[in-house]
Amino acid sequence: MSVLSRWWRSFRGATEEHPFATDVAFAAIIGFFALTGLVNAVEVGSQRAPDAFAVVLVLCQTTAFAFRRRTVWWSLLGVVAFTIVFWVADYASNFDAFTLLSVYAATVHGGDDRRRVWRRVGAAVLVLTAVVVLGVFAPQEDLPAIALFGIVTIHLTAAFVGEAVYDRRRRILDLQQRAERAEAERELLARQAVLDERSRIAREMHDIVAHGMSVMVIQAGAAERSLDHDPEATRTALGTIGTVGRDSLAEMRRLLGVLRGSDAPGLEPQPTLADVEQLVKQSSANGTVVSLEVEGEAPVTSASREVAAYRVIQEALTNVLKHAGPATTVSVRITHRPDGTEIQVDDDGRGTTFTELDRATGQGIVGMRERVELFGGTLSAVPRAGGGFRVRAHLPPTSATTRTGAM
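I will try to describe carefully the structure that is included in this document. (Residues numbered from 1 in each chain as written. Predicted model: local features only at pLDDT ≥ 70, side-chain atom pairs only at ≥ 80, totals over all residues. Heavy atoms only, no water.)

A surface patch of nonpolar side chains, about 320 Å² in accessible area, is lined by Ile 29, Phe 32 and Phe 33. With respect to the helices, strands and loops of the structure, Ile 29 is situated in helix α2 (residues 19–39). Using a relative accessible area of 44% as the deciding quantity, one classes Ile 29 as partly exposed. (Patch = residues over 30% accessible without salt bridge, like charges linked within 9 Å, V, L, I, M, F, W, Y side chains within 5 Å. Areas by Shrake-Rupley, 256 points an atom, 1.4 Å probe, with all protein chains shown as cover. Salt bridge = Lys/Arg side-chain N within 4 Å of Asp/Glu carboxyl O. Helix = DSSP H or I, 4+ residues; strand = E, 2+ residues; numbered from the N terminus. Buried < 20%, exposed > 50% of the residue type's maximum accessible area, 1.4 Å probe, protein only.)

So, on to α2. Under the 1.5 Å per step criterion, the end-to-end length of α2 is 30 Å for 21 residues, consistent within 8% with the ideal 30 Å. Buried residues of α2: Asp 23, Ala 27, Ile 30, Gly 31, Ala 34, Gly 37 and Leu 38, and no others. What you see down the axis of α2 is that its buried residues fit within an arc of 120 degrees, all on one side. In this structure, α2 carries Phe 32 and Val 39 as exposed residues pointing more than 90 degrees from its buried face. Looking at the buried positions of α2, the neighbouring elements they touch are α3 (52–66), α4 (72–88) and α5 (98–109). (Expected span 1.5 Å × (residues − 1). Arc of directions from axis to C-beta. Contact = heavy atoms within 4.5 Å.)

Before going further, it helps to spend a moment on the pattern of salt bridges. What the rule picks out here adds up to 12 salt bridges. In this structure, Arg 68 engages Asp 23 in a salt bridge whose closest nitrogen and oxygen atoms are separated by 3.3 Å. Of the two residues, Arg 68 is situated in the loop between α3 and α4 and Asp 23 in helix α2; the sequence distance between them amounts to 45 residues. Taking the relative accessible area as the measure of exposure, Arg 68 reaches 11% and is therefore buried. The class of Asp 23 is buried, set by a relative accessible area of 3%.

Turning next to the packing of aromatic side chains. Taken as a whole and judged by the stated rule, the model has 7 aromatic pairs. With centroids separated by 5.9 Å and ring planes inclined at 35 degrees, the aromatic side chains of Phe 33 and Phe 95 adopt a geometry described as tilted. One end of the pair, Phe 33, is in helix α2; the other, Phe 95, is in the loop between α4 and α5, and 62 residues separate them in sequence. On the accessibility criterion, Phe 95 (28% relative accessible area) is partly exposed. Look at Trp 118 and Phe 160: their rings are 5.1 Å apart centre to centre, the planes differ by 45 degrees, and that puts the pair in the tilted class. In this pair, Trp 118 sits in helix α6 (residues 114–136) while Phe 160 sits in helix α7 (residues 145–226), placing the two residues 42 residues apart along the sequence. One aromatic cluster in this structure is built from Phe 26, Phe 65 and Phe 98. Directly above the ring of Phe 65 sits Arg 68, whose terminal nitrogen or CZ lies 4.4 Å from the centroid. Above the ring of Phe 20, the side-chain terminus of Arg 70 is found at 4.0 Å from the ring centroid. (Phe/Tyr/Trp six-rings, centres within 6.5 Å; stacked < 30°, edge-to-face > 60°. Lys NZ or Arg CZ within 6 Å of the ring centre and 35° of its normal.)

Positive phi is not limited to glycine here, since Asp 90 has a value of about 60 degrees. Position of Asp 90 relative to the elements: it lies in the loop between α4 and α5. Among the residues examined, Asp 90 registers a relative accessible area of 22% and is labelled partly exposed.

Here is the structure:
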């Protein structure tokens with residue numbers, strides 16, 4: 001089955017790449033059968049034996065049929081005209097499928113104006129019927145109604161089959177276009193989410209740096225006032241300026257790589273991991289059972305890294321409230337180790353998929369990953385095997401992130 005499937009895909013690819021060559025090849029096959037049926041036909045009554053003119057008519061039918069997709073209506077007109085001549089000349093034949101296939105092809109490839117398609121196809125079937133009645137059977141007294149009914153029925157059946165194929169292709173094309181638009185919209189939303197998140201990070205880091213600069217200005221003023229009468233206080237103030245200045249420079253290196261929003265940032269205190277306990281209490285107040293576990297001793301780290309860790313937990317809890325459903329239990333675990341800080345948020349909710357979360361307004365997982373990767377960390381957000389969802393983030397120690405930001 002796999003070999004057959006590969007062969008069929010290769011064949012379809014070749015036909016789509018060379019459509020006219022495919023049409024010519026198929027027309028040649030039908031023409032071969034028509035010539036074979038013409039040569040092997042048995043004359044009944046007054047029917048004529050095949051001659052050179054009959055062969056020319058079959059070749060003309062074949063040529064007209066080969067253009068059934070390039071010039072739909074001229075192809076149908078040519079096939080009908082040559083078929084009428086063939087019928088009126090009363091040649092005997094064992095194979096006559098050109099009009100049937102042309103009616104089908106015209107219905108499939110006639111265009112989106114379906115009323116015009118059916119008017120022209122109906123006119124072709126009507127002309128063929130009239131020729132059968134007036135040109136073929138008129139000299140005979142007994143008109144076989146079954147022959148007339150058969151011609152009309154088989155051609156209309158071909159037209160209805162063509163309409164069904166056209167409708168199916170149109171629906172498939174519409175689904176493909178919708179999928180492409182949806183994919184483009186998702187990519188646009190993802191890019192916009194990254195830009196928005198970087199803008200928020202830039203504002204938060206601006207607050208940190210602005211706070212550091214304010215401390216430096218205050219300490220510089222204190223050092224100036226105590227320079228003459230209190231050298232120890234001056235030394236302390238200068239040491240504070242040096243420490244804050246180095247931290248601020250480290251934050252500025254990261255700030256240069258982050259896009260800022262156009263709105264003016266405000267000077268407001270930023271949350272840290274010490275505020276997670278209050279965040280857990282707020283989430284528990286909403287009816288969700290949230291537990292907090294902290295392992296290890298919290299290291300001395302940069303303020304922006306603290307903000308990133310806090311925001312990851314905050315966004316994970318927000319996603320639980322939005323998507324996990326009622327009666328959900330959540331565990332928040334913060335582990336401080338020499339190789340960095342690991343954050344893990346588990347819930348036993350409905351097990352929302354990554355795609356559902358990623359489509360949510362705000363693009364929460366995109367924002368969490370952007371924050372963590374800014375400090376050289378990693379983030380995973382996957383459904384749990386037993387149900388629910390798990391968000392795990394790893395932030396390397398401050399020294400590692402400082403080297404990363406300085407590169």
